[in-house]
Amino acid sequence: MTTAAAGSPRTYQVRTYGCQMNVHDSERISGLLEQAGYVRAAEADEQPDVVVFNTCAVRENADNRLYGNLGHLRPVKDKHPGMQIAVGGCLAQKDRGDIVRKAPWVDVVFGTHNIGSLPVLLERARHNTAAEVEILESLDVFPSTLPTRRESTYAGWVSISVGCNNTCTFCIVPSLRGKEKDRRPGDILSEVRALVDEGVLEVTLLGQNVNSYGVEFGDRYAFGKLLRACGDIEGLERVRFTSPHPKDFTDDVIAAMAETPNVCHSLHMPLQSGSDEVLRAMRRSYRSEKYLGIIEKVRAAMPDAAITTDIIVGFPGETDADFEKTLDVVREARFSSAFTFQYSKRPGTPAATMDGQLPKQVVQERYERLIATVEEITWAENRKLVGETVEVLVAVGEGRKDERTGRLSGRARDGRLVHFDAGSLAGQIRPGDIVHTTVTYAAPHHLNADGEPLSHRRTRAGDAAEAGRAPRTPGVLLGLPTIGAPAAVPAPTGGCAAR
Ligand code: SF4
């Protein structure tokens, strides 16, 4: 099919911006293109035949950055006839036809609800030598039913829902990704099993608000049941999820986490603010007491749980007193890590036009104080683990200094980043293998384990990594509803599933 002039397959490159949802969407984009006959361009290839931008509308200046990148590609395209540029993701959903007006050398613009159309749109644009813009207002096909080229041999993302029924005033997700659509449990579990059959050990269930999962089919306990069902999948060693929402968090989820052996004792629960007034202005309908109550119950059921969060500083109208309340909650919650964001206006969100926007230096000063407080706590929490044995799932790309330090890196069951010395096993441990080792040093954002590992288990994921095989899930629908099903994944920073 899609072949370049010399008869060789056309090459593609996907450039991803934004949250984890986008990263997973990009796996689908790659899977679709490869199913259509494209091959991934080599890293160093400066002239792929197709460049796809999977954009994010959440970050500040996201549009300037996109148009800057598109501008850089223009001369490349001029020199490389037949090259095509496609723009998808949240910014495409938001700006639509404006993109081809501002950058007429773009060939395809596709929205968050119609990732599946990309190969056809590319073909049509080539055939008609004209730009194709297709933005759907609602989901066409649930994206997880699309073929997916997975980036990791040992860990996979599985969407359980897309869209969001909340209306947080800082978040663009509801307007770009639509109402929550839940995927059927049987469909989700089949995808998890397919991944495990390929050797994947860890699965992260993904939704903007996993705690409201089931709202579409009338079962408010569906998420806890889903976690328990994951516990029955043989070979699945770690189950994680992101993001929960304090408003919808129910006790049965805590019980399911505590009682299902393969569900990790880690919880990433966005706080956003510790001030009830600010939470009200954000239209987040829990209060700090409820948030801390959930944490207390989680700790009672799982004393080893690592709790992480997202916090926005400098929301319009935030006073010094409000900010102090955030610090109080941070101190009480004892997070093991926090993603902190300075509030910045996101066009199209209600908060962007609110009174009380704060001067940059006020936000900066609070932000620095927040980071100092967070680090003091995460460091103290990490120090408690010195001398403890941790199980590490060896990762790729988690340790930027590994080459220099001679260490390997991976995540402990509670999600903490561990850099470890392979000792006498150097050269034998592969990404995807499991290592037990003892923590010898703690930093605010990671642990080190510099003694001889206590054990090393070779896994099928490690075999796949060694052989250079990436898991692929075919994108078959296992007898479950396709019509109007959920589509793309929501996004953003300061929103949910941001990381
Ligand atoms: S922040 Fe999260 S819960 Fe709030 S509207 Fe955005 S996606 Fe939904």
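Up top is the structure these notes are about.
Residues numbered from 1 in each chain as written. Predicted model: local features only at pLDDT ≥ 70, side-chain atom pairs only at ≥ 80, totals over all residues. Heavy atoms only, no water.

### Let's talk about the overall build of the protein
For the protein, the count of helices and strands is 15 helices and 23 strands. Relative to a compact globule of 499 residues, whose C-alpha radius of gyration would be 23 Å, the protein shows 23 Å and is just as compact. Reported as C-alpha extents along the three principal axes, the dimensions of the protein are approximately 60 × 60 × 50 Å. Per-residue burial for the protein yields a buried fraction of 57% across its 499 residues. Relative to all contacts within the protein whose residues are 6 or more apart in sequence, the contacts with residues 24 or more apart total 76%. Between the averaged position of the 60 positive side-chain charges in the protein and that of its 65 negative side-chain charges there is a distance of 2 Å. (Helix = DSSP H or I, 4+ residues; strand = E, 2+ residues; numbered from the N terminus. Rg over C-alpha atoms; globule rule 2.2 N^0.38 Å. Buried < 20%, exposed > 50% of the residue type's maximum accessible area, 1.4 Å probe, protein only. Contact = heavy atoms within 4.5 Å. Lys, Arg positive; Asp, Glu negative; His and termini not counted. Charge placed at Lys NZ, Arg CZ, Asp CG, Glu CD.)

### Brief notes about the sheet that holds strand S18 (residues 417-421)
Hydrogen bonds between backbone atoms are what pair the strands of a sheet, whose relative direction is either parallel or antiparallel. The mixed open sheet is built from seven strands, whose spatial order is S20-S21-S18-S17-S16-S19-S22. Only two strands of the sheet have a single partner each, and these edge strands are strand S20 (441-442) and strand S22 (455-457). Two strands pair when backbone bridges link them, and S18 and strand S21 (residues 447-449) are joined in this way by three bridges, in the parallel orientation. Directly across from Val-418, in S21, lies its bridge partner Leu-447. (Pairing = 2+ DSSP bridges.)

### Quick look at the pairing of strand S16 (residues 389-394)
Counting buried positions along S16 gives five out of six residues, so the element sits mostly inside the fold. Relative to strand S19 (residues 434-438), S16 runs antiparallel, the two sharing five bridges. Within S19, the residue paired with Val-392 across the bridge is Val-435. With three bridges joining them, S16 and strand S17 (residues 407-412) adopt antiparallel strand pairing. Within S17, the residue paired with Val-394 across the bridge is Gly-410.

### Brief notes about the nonpolar core
One finds Leu-205, Phe-223 and Leu-227 to be the most contacted residues of the largest nonpolar core, which totals 65 residues. One finds Cys-56, Val-87, Leu-91 and Ile-172 within the second-largest nonpolar core, a separate group that totals 26 residues. (Core = buried A, V, L, I, M, F, W, Y, C linked by side-chain atoms within 4.5 Å.)

### Notes on the pattern of salt bridges
Counted according to the given criterion, the structure contains 32 salt bridges. Between Asp-450 and Arg-407 there is a salt bridge, with its nearest N and O atoms 2.8 Å apart. Here Asp-450, found in the loop between S21 and S22, pairs with Arg-407, found in strand S17; they are 43 residues apart in sequence, far enough to count as distant. You can call Asp-450 partly exposed: its relative accessible area is 34%. The salt bridge involving Arg-430 is made with Glu-466; its shortest N-O contact spans 2.4 Å. Residue Arg-430 is found in the loop between S18 and S19, and its partner Glu-466 is found in helix H15 (residues 460-467); the two are separated by 36 residues along the sequence. (Salt bridge = Lys/Arg side-chain N within 4 Å of Asp/Glu carboxyl O.)

### Focus: helix H9 (residues 251-259)
Side chains that are three or four residues apart share a direction in an α-helix, a result of its 3.6 residues per turn. Residues of H9 that are buried: Val-253, Ile-254, Ala-256 and Met-257. Seen from one end, H9 has its buried residues packed into an arc of 160°, which puts them on one side. Residues of H9 that are buried sit in contact with helix H8 (222-230), strand S12 (238-242), strand S13 (266-268) and helix H11 (288-301). (Arc of directions from axis to C-beta.)

### With respect to the sheet that holds strand S8 (residues 155-159)
With respect to topology, three strands assemble into an open sheet ordered S8-S11-S12, the strand pairing being parallel. Lying at the two open borders of the sheet, with one neighbouring strand each, are S8 and S12. Strand-to-strand twist across the sheet, computed as the mean angle between neighbouring axes with direction ignored, equals 25°. Pairing of strand S11 (residues 202-206) with S12, which is carried by five bridges, proceeds in the parallel orientation. Its bridge partner being in S12, Glu-202 is matched across the sheet by Arg-238. (Axes fitted to C-alpha atoms, helices over the stretch in contact; angles between N-to-C directions.)

### Regarding unusual backbone geometry
For residues other than glycine, phi is negative in most cases, and the peptide bonds are mostly trans. A cis amide bond links Thr-242 to the next residue, Ser-243, at an omega of -5°. The phi torsion at Thr-129 lies on the positive side, around 40°, for a residue other than glycine. As for its position among the elements, Thr-129 is in the loop between helix H5 (118-128) and strand S6 (132-134). Positive phi, normally seen in glycine, also occurs at Arg-283, with a value near 60°. With respect to the helices and strands, Arg-283 occurs in the loop between helix H10 (276-281) and H11.

### Comments concerning the packing of aromatic side chains
Geometry of an aromatic ring pair is reported as the spacing of the ring centres plus the angle between the planes. Tallied over the full model, the rule gives five aromatic pairs. For the pair Phe-223 and Phe-241, a centre-to-centre distance of 5.0 Å together with 80° between the ring planes defines the contact as edge-to-face. Of the two residues, Phe-223 sits in helix H8 while Phe-241 sits in strand S12, which places them 18 residues apart along the sequence. Summarising the burial analysis for this pair, Phe-223 and Phe-241 share the class buried. Centre to centre, the rings of Tyr-291 and Phe-335 are 6.3 Å apart; their planes meet at 65°, and the pair counts as edge-to-face. (Phe/Tyr/Trp six-rings, centres within 6.5 Å; stacked < 30°, edge-to-face > 60°.)

### A word on the pairing of strand S3 (residues 50-55)
The buried count for S3 comes to six of six residues, which makes it a mostly enclosed element. Burial along S3 is two-sided: the face carrying Val-50, Val-52 and Asn-54 and the face carrying Val-51, Phe-53 and Thr-55 are both buried. Strand direction decides the pairing type here: strand S1 (residues 11-16) and S3, joined by five bridges, are parallel. In the strand pairing of S3, Tyr-12 is matched with Val-50. As judged from the six bridges shared by S3 and strand S4 (residues 84-89), these two strands associate in the parallel manner. Looking at S4, one finds that Asn-54 is bridged to Gly-88.

### Re the layout of surface pockets
Approximately 450 Å³ is the volume attributed to the second largest pocket. Taken together, 23 residues line the second largest pocket, and the ones lying closest to its centre are Asp-304, Ala-305, Leu-385, Asp-414 and Arg-416. Where the lining of the second largest pocket is concerned, the elements lending two or more residues are strand S14 (306-313) and S16. Top contributing element to the lining of the second largest pocket by residue count: S16, with three residues. Of the residues that constitute the lining of the second largest pocket, the class distribution is 10 nonpolar, three polar and 10 charged. (1 Å grid on protein atoms, 1.4 Å probe; cavity = no way out; pocket = protein on both sides within 12 Å on 5 of 7 lines; lining within 4 Å. Points joined across faces, edges and corners; volume = space filled by probe spheres on them. Nonpolar A, V, L, I, M, F, W, Y, C, P; charged D, E, K, R; others polar.)

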